[in-house]
Amino acid sequence: MIDLIWLIPLLPLVGFLVNGIGRDVLPRPLVGIIGSGVVFVSFLLSCGVFAAVYAARQAGESATFTQSIFEWISAGNLSVSLSFLVDPLSAIMLLIVTGIGFLIHVYSIGYMKHDDGFAKFFAFLNLFIFFMLLLVLGSNYVVMFIGWEGVGLCSYLLIGFWFKNSAFASAAKKAFVMNRIGDLGFLIAVFLIFNTFGTLEFAGIFPRAADMAMGDTTLLLITLLLFVAATGKSAQIPLFTWLPDAMAGPTPVSALIHAATMVTAGIYMIARSNILFTLSPITLQVVAAIGICTALLAAAVAITQNDIKKVLAYSTVSQLGYMFLGLGVGAFTGAFFHVITHAFFKALLFLGAGSVIHAMSNEQDMRSMGGLKKQLPTTYLTMLVATIAISGIPPLSGFFSKDEILAHAFSANKLLWVLGFVGALFTAFYMFRMLFLTFFGKFRGTAEQAGHLHESPATMTVPLVILAILAAFGGWLNVPAALGGSHLLADFLSPVFADSVAKTGAFHLDHTTEYILMGVSALAAVVMALAAYRQYVSKGVVPVADEAPRGLLAKISYHKFYVDELYDAVIVRPLNALSVFFYRVVDRSGIDGLVNGLSRSVGESGKGIRLLQTGNVGFYIFMMVIAIMALLAYGFFNG
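Residues numbered from 1 in each chain as written. Predicted model: local features only at pLDDT ≥ 70, side-chain atom pairs only at ≥ 80, totals over all residues. Heavy atoms only, no water.

## Re the overall build of the chain
When helices and strands are counted, the chain shows 26 helices and two strands. Along the longest, intermediate and shortest principal axes, the C-alpha atoms of the chain span 115 × 65 × 55 Å. When burial is assessed residue by residue, the chain has 52% of its 639 residues classed as buried. Counting contacts in the chain only where the partners sit at least 6 residues apart, residues at least 24 apart contribute 81% of the total. Accessible surface for the chain amounts to roughly 26,600 Å². Of this, 69% is attributable to carbon and sulfur atoms. (Helix = DSSP H or I, 4+ residues; strand = E, 2+ residues; numbered from the N terminus. Buried < 20%, exposed > 50% of the residue type's maximum accessible area, 1.4 Å probe, protein only. Contact = heavy atoms within 4.5 Å. Areas by Shrake-Rupley, 256 points an atom, 1.4 Å probe, with all protein chains shown as cover.)

## Focus: the nonpolar core
Soluble globular proteins tend to bury their nonpolar side chains together. Among the nonpolar cores identified, the biggest contains 186 residues, and Tyr141, Trp242 and Leu276 are the most heavily contacted of them. Element by element, the count of residues in this core is highest for helix H15 (residues 332–359), at 18 residues. Beyond its immediate sequence surroundings of up to four residues, Trp242 is in contact with Ile159, Lys174, Ala175, Met178, Asn179, Gly232, Lys233, Ala235, Ile257, Met262 and Val263. One finds Ala295, Ala331, Ala407 and Ala524 within the second-largest nonpolar core, a separate group that totals 19 residues. (Core = buried A, V, L, I, M, F, W, Y, C linked by side-chain atoms within 4.5 Å.)

## Overview of the environment of Val496
As for its placement among the helices and strands, Val496 is situated in the loop between helix H21 (488–493) and helix H22 (498–504). Considered as a pair, Val496 and Ala633 are 137 residues apart in the sequence and their alpha carbons are 91 Å apart. If near-sequence neighbours (up to four positions away) are discounted, Val496 is found in contact with Asp87, Pro88, Leu89, Arg272 and Asn274.

## Describing the pattern of salt bridges
Should the charged atoms of two oppositely charged side chains come close, the side chains can pair. Applying the stated criterion to the full structure yields nine salt bridges. Across the pair Glu149 and Arg180 runs a salt bridge whose closest N-O atoms are separated by 3.6 Å. Here Arg180 lies in helix H6 (residues 166–197) and Glu149 lies in helix H5 (residues 141–159), a separation of 31 residues in the sequence. Given the relative accessible area of 24%, Glu149 is considered partly exposed. In this structure, Asp568 engages Arg573 in a salt bridge whose closest nitrogen and oxygen atoms are separated by 3.3 Å. Residues participating in the shared-partner salt-bridge network are Glu149, Arg180, Asp183 and Lys233. (Salt bridge = Lys/Arg side-chain N within 4 Å of Asp/Glu carboxyl O.)

## Some thoughts on the pairing of strand S2 (residues 78–86)
Buried residues dominate S2, accounting for seven of its nine residues. Relative to S2, strand S1 (residues 65–75) is paired through nine bridges, and the arrangement is antiparallel. Bridge pairing links Glu71 to Ser81 in S2. The antiparallel pairing of S1 with S2 creates a hairpin that spans two residues between the two strands, and Gly76 there sits at a positive phi of about 60°. (Pairing = 2+ DSSP bridges.)

## Some remarks on unusual backbone geometry
Residue Pro238 is bonded to the preceding Ile237 through a cis peptide linkage, with omega at 5°. Of note, Pro238 is situated in the loop between helix H8 (217–233) and helix H9 (242–245). For the peptide bond that leads from Pro394 to Pro395, omega is 5°, which places it in the cis range. As for its position among the elements, Pro395 is in the loop between helix H16 (377–390) and helix H17 (397–412). For His487, which is not glycine, the phi torsion reads 55° and is therefore positive. Position of His487 among the secondary structure elements: in the loop between helix H20 (458–473) and H21. A positive phi angle, close to 60°, is found at Phe561, a residue other than glycine.

Structure follows, in structure tokens:
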């Protein structure tokens, strides 16, 4: 099965080519089958690869496999091959990308059924999966960078899929530009890595890095640049504002970007480069600080949003902040564990929101919903599971992954734990607020919407049910020893993080402390859920209209802390003014003026000289005599 690794990314690429080229001739059912089928076969192959890696781990053998396709670049000392790396980390990512990706493809068959760009949409989805698989499988930073850039391109194509809406097109451009800012950091880091290690292959970099001194200046610069790249792709401060605007794309795109692919790329890249970051404690402190600030800022914004997809978008930004907090305190397994559980419940939440929007005739404002649990029972129950999971209430998946991150934060820095705990409180409140406003109380929509309410078709609800099962039981992958578990995920991933553990030592927290931390966080989440129930169900409170007056804190939160306005004032408008200045003064008046002035002077000179061409032979003879006399005079005085 390992020999077939190359087929895993190739099949989605074939699906992209077939559906893209045949988009105007292939029938829609066939497009859906091809688009979903290639990803499903990739998933089956990924299962086989995972089984091979797992068997190697159980046998105590090396679980790292490399497959070289061909030598790509050879110039001087630089040699880059198109090669794939499969180890425990990439094997799990393969399952997430292809498994969740397949469910999103199936869901899209029903959701995009009546869209004119049906085939084009599936082609773009397939291309997205191809580039994400390339990113995950790359055995060197160049192949990873190609996949990194590819998912950025696909995000632009999918966020702006309905490009006739100028706001959606602007959101796509915003995502593309902000990602390019981060990608520059990645590119410079790649140059520094080659200059330092003489290779870009992971197998040649990480063992040599493990022998370097803690706090090495070069590693500090490399890791800071890699983190800049991660802030762009995984939406951290200051490059996070593109992700909420990415809601402009169709809902399956939101699920794909937010759950299974693009935003997890930054987490994966840092986890893959863990030894470099472990040897750069200053960078880890920056990662933890930015992560917790992002988690709190996004959670504070989500509390007052009324668009169901915007709530989930800021929730994603906040959860990504938790993952970076985990990375920053050295909980590499915990951060990656949260990537897994987040893929389950966040994909479920977005697809569930899509089911609600589908039933509500494209309405996304929760103030126009309410009482939907009777008409959409499957959607309600599955979203209830996802809400409990993301809130960190046991025994669902989010409880275990959040607990592991917060436990490491408590061990590393008590302040980080307190801030992480506050973020968890916000999460539980705004998620249950979303659930109660959507499914409880009286229906607040129009009579036309009420007549249209119905549960989504099986192509949409079956993926919801599967994801709900995963969101419910996914946490059992890494049950802590305090609860009788054996840390299955940590044991499976141990070869990937072995060098980092050797440098820092194994994490340990006494069981009593763990029980207290678990109990406090779980109880607090339940209390916040009850507070949301009291506010939005018992009291029946409905958020005020957009133009209604709000308190100071609520106003700041509702307007997203005015970050976009700040960027517009500090960056966008000054750059626009500078570009206008260069256009009008430097380009048009300066460069164009010089070029056009020269052309005009030549033209006018030509017009003057043309007057000498009179056609009079006597005049021509006279001019010849004058010229000869001038030449004789020149020769006489200079002879």
